[in-house]
Amino acid sequence: MNKIKEVILKSGLRANHIADEVGVSKTDISNYIAENRTPNHERLLKLCKVLSCKIEDLYPHSKRVVTYNLFGEE
């Protein structure tokens, strides 16, 4: 279960504005709220930026994914 709707309501921003800033349609935002779709990583980061929140605020029950550089390259 995500908290996108709650974070949007707290932000006071309109769905049209959020959609424009993220680069998606208002329908996409509705689908994210209803959990019919999940934003890709890039859109999720943009959504967090627009809403001034962290990924954990939107998806509090998700597990963090940690990646390791196995080859020692920077």
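As a reminder, the structure under discussion sits directly above these lines.
Described below are features of the structure shown in this document. (Residues numbered from 1 in each chain as written. Predicted model: local features only at pLDDT ≥ 70, side-chain atom pairs only at ≥ 80, totals over all residues. Heavy atoms only, no water.)

### Digging into helix H4 (residues 41–51)
- For H4, the set of buried residues is Leu44, Leu47, Cys48, Val50 and Leu51. Along the axis of H4, the buried positions cluster into a sector of 165 degrees, meaning they face one direction only. Every exposed residue of H4 that faces more than 90 degrees away from the buried side is listed here: His41, Glu42 and Lys49.
- Elements in contact with the buried residues of H4: helix H1 (4–11), helix H2 (15–22), helix H3 (26–34) and helix H5 (55–58).
- A distance of 3.2 Å separates the backbone nitrogen of glutamate 42 from a side-chain oxygen at the start of H4, and that oxygen is part of asparagine 40.
- Serine 52 sits one or two residues past H4 and shows a positive phi near 50 degrees. (Buried < 20%, exposed > 50% of the residue type's maximum accessible area, 1.4 Å probe, protein only. Helix = DSSP H or I, 4+ residues; strand = E, 2+ residues; numbered from the N terminus. Arc of directions from axis to C-beta. Contact = heavy atoms within 4.5 Å. Polar contact = N/O pair within 3.5 Å; in protein donor to acceptor, adjacent residues only side chain to side chain.)

Purely geometric stuff here, so don't read any function into it on its own.
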